[in-house]
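# Residue-level structure breakdown
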Amino acid sequence: MKKNLFVFIFLIAPFLLIAQQKSNETPTYKNKKASIQDRIDDLIKRMTIEEKAGQLNQLNGGTFTGPAANDTGQKAKMQMVRDGKVGSFLNVIGATETRAVQKIAIQESRLGIPILFAFDIIHGYKTIFPIPLAEACSWDIPQIEKNSSVAAKEAAAAGLHWTFAPMCDISNDPRWGRVMEGAGEDPFYGSVVAAARVKGLQGNLNDDAHILSTVKHYAAYGAVEAGREYNEVDISRVALWNKYLPPYKAAVDAGAATVMNSFNVFEGVPASGNKYLVTDVLLNKWKFKGFVVSDWSSFSEMINHGYAANGKDAAYKAISAGSMMDMESKVVIENLPQLVKEGKINVQQVDDAVKRILFYKFKLGLFDEPYKFSDEKREAATELSKENKAEARKAAAGSIVLLKNDNQVLPINSSAKKIALIGHYAKSKEDMFDFWIGYWTGKPAVDDAVTIYDGLKNKYGNAVEYSEGYNADATTSDALINTAVQSASTADVVLVNIGISGKMAGEDRALAYPEIPEAQIQLLKALQKTGKPIVALVSSGRPLVLTKIQPLVSSIVQCWILGTETGNAVADVLSGDYNPSAKTVMSFPYAIGQIPVYYNHFNTSRPLPTDKDGNWFSRYRDIPNAPLYPFGFGLSYTTYSYSNMQISNPIMERTDKLTVTVTVTNTGKIDGEEIAQLYIRDITASIIRPVKELKGFRKIKLKAGESKEISFVLSGKDLSFYDGTGQMHLEPGAFKVFVGGDSEHVLGKDFVVQ
Ligand code: GLC
């Protein structure tokens, strides 16, 4: 007996005490003082394979409070949260909704792992900014970063932790509805913009005003054949590395937290299951430390592609390729535990993916303050603030591209007594926006829009006389045309808002005819007969073919889709309160048959000479090779000249740098901002190189009559290109360097790399 007592007191009791103490201790993963790594390592050990699969499972959310709480489907999703089978929701928005769901995750699941709430904040959350393509035309990188930081701040106050932006897809096909989401056709510029958008969205991820960004759609989704949505991509590795990958890489290098698989295939394998893209390039070559999320059901859509036999095969192929979180297809949550149990998927690979996701949940502070982003007061105070709308107005004015302005019809003369404003879209709030303002969540950003009509009334009051000119469906009638003509005939200025609805900009909005509708051309022809100079205000989320309207109007103002402050921004430009400075980052095709047309094309074996005619050249017989308006083009109310271009060393050693200087002069009477561009050409190389490649730009303020000497420095890296393995090469030989105000009107110098 005594012996047992002794054993108990001195051998067993201490262990029981320690065990008791330990069980009372906070587990490491909940210990705020422990390092993130220690907390992750502790947590992963505690998780079942089902809970690990849960972290790789993202579901579409919607609302869960109020009447929705009784919805069977929503109740089932909440049960999955309680079971630890959901790591993230998309489309759960607002402080109230996110807090309600987070509470269930924290208080009613076994480990209390917080949920990541994601939403498509493509160009603003409540304050809507210009579509990314328009914003990119500003070439104002600090403003572009600022726009994203405003969007992040509004979203972060509404319970959101993560957005699926920036879209980094290079595209030169305006048939594709999603060109509106990117930064145009150039990989160098697309890279600079992608990095700025990541920085704007994420900051240092150490406050409650920034959110996780997503590099999408990885990879080369902008190369969809014929511009058709969800179509396949068939490009070489040389094209992949030189034209499409640079912006994704720049965004990853800028610290993007996540990367999204694209819907398309590369080399016959869907991006979601493409080991070359995900593991070889993204994870191994680029050392990406964040996590990969699929596009909407792109894992299970590998079945449609004909690459996966069923859900289990799709889950196996996605995870094996290095992909991680499954958006909405559910194949991972349904099959991963079994795949691990069968030894088909190595649990280490699952743990690596789960740890990457947990890292960002710890980084955002969600384990310690799970509701810090779901703050109703901050939400109300932040959204649509005066400051945010002022930024949106500035960004929108800076995005407007002046394509034509014969006889300086613009800016509107201050003596104008009557301004005829014609066009259905000009008064249509919803046409100030595109698809990506979250209609599907009922987020009514539309009500806050300042239409073009509102903006002109704000600026010119009763001088503005409005007529519809054409219907919402872009049809017209004699009555509509006659009313418009009558209004125009007694006006000092005739503004006609034409184009296509903002609702035709975005996903699943491919157009075989990206051009001005026939009825609007009919309207313009009738207006032209009044003899009044006509100003066309073009609303579109893509470069439309403007060739037919070009001769009918004196001025063409590409207004894109500008968001909440559209009207005020358009009025600021038309009045001259803001001298337009934007330059297009996508070529405007001369004809649909010319698509894809882009500046950084190859020379071909028989380039069409500019100084002579003849036969057997690379050309069309019915239209010019050149686009109507080239990449980098945009007018101002003033004019600029480029002179005295110099290069530091016509012979450049491979390790040298080349300095290019040029004098830019504002030769007009109005102060303005000019976007000077620098291009190179590698004349002869082991693989053909484009006739021009953008490698630098400067946005400079110049007062009327002022000149400034600007300089660019080119390194060997700037002159290099990738081979199909992703290896960079700088090859000796002849180069040209160009500077100018767009990709066609340039000064040039030759130099040699040896
Ligand atoms: C869509 C888009 C993607 C978006 C995602 C979530 O299909 O392709 O860009 O982020 O689904 O809405």
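Our subject is the structure that appears above.
For clarity, every value in this text was computed on a predicted model and none was experimentally measured.

Glancing now at the pairing of strand β5 (residues 214-218). Regular strands place their side chains on alternate faces of the sheet. A large share of β5 lies buried, amounting to 5 of its 5 residues. As paired elements, β5 and strand β6 (residues 258-261) share 3 bridges and run parallel to each other. Pairing of Thr214 across the sheet is with Thr258, part of β6. Handedness of the β5-helix α9 (residues 237-253)-β6 crossover: right-handed.

Close to the ligand lie 13 residues, the nearest being Asp120, Arg178, Lys216, His217 and Asp295. Between the ligand and Arg178 there is a distance of 2.7 Å, counted from an oxygen atom to a side-chain nitrogen or oxygen. A distance of 2.6 Å separates an oxygen atom of the ligand from a polar atom in the side chain of His217. Coverage of the ligand by the protein chains reaches 94% of its 310 Å² of free accessible surface. Split by residue class, the shell around the ligand holds 7 nonpolar, 1 polar and 5 charged.

A separate point is the environment of Val233. By the secondary structure assignment, Val233 is in the loop between β5 and α9. A relative accessible area of 4% means that Val233 is categorised as buried. Ignoring sequence-local partners within four residues, the contact set of Val233 consists of Ala220, Tyr221, Ala223, Val224, Asn264 and Val265.

Here we come to the sheet that holds β6. The strand order β5-β6-β9 describes an open sheet built from 3 strands, whose pairing is parallel. Looking at which strands have only one partner, the edges of the open sheet turn out to be β5 and β9 (291-293). When strand polarity is set aside, the average angle formed by the axes of neighbouring strands in this sheet is 25°. Across the sheet, α9 touches β5 and β6, and the angle it forms with β5 is around 160°. Lying on the sheet, helix α10 (residues 275-285) is in contact with β5, β6 and β9; it crosses β5 at an angle near 135°.

Conventions and cut-offs
- Residues numbered from 1 in each chain as written.
- Predicted model: local features only at pLDDT ≥ 70, side-chain atom pairs only at ≥ 80, totals over all residues.
- Heavy atoms only, no water.
- Buried < 20%, exposed > 50% of the residue type's maximum accessible area, 1.4 Å probe, protein only.
- Helix = DSSP H or I, 4+ residues; strand = E, 2+ residues; numbered from the N terminus.
- Pairing = 2+ DSSP bridges.
- Right-handed = clockwise from strand over helix to strand, strands pointing away.
- Near = heavy atom within 4 Å.
- Polar contact = N/O pair within 3.5 Å; in protein donor to acceptor, adjacent residues only side chain to side chain.
- Areas by Shrake-Rupley, 256 points an atom, 1.4 Å probe, with all protein chains shown as cover.
- Nonpolar A, V, L, I, M, F, W, Y, C, P; charged D, E, K, R; others polar.
- Contact = heavy atoms within 4.5 Å.
- Axes fitted to C-alpha atoms, helices over the stretch in contact; angles between N-to-C directions.

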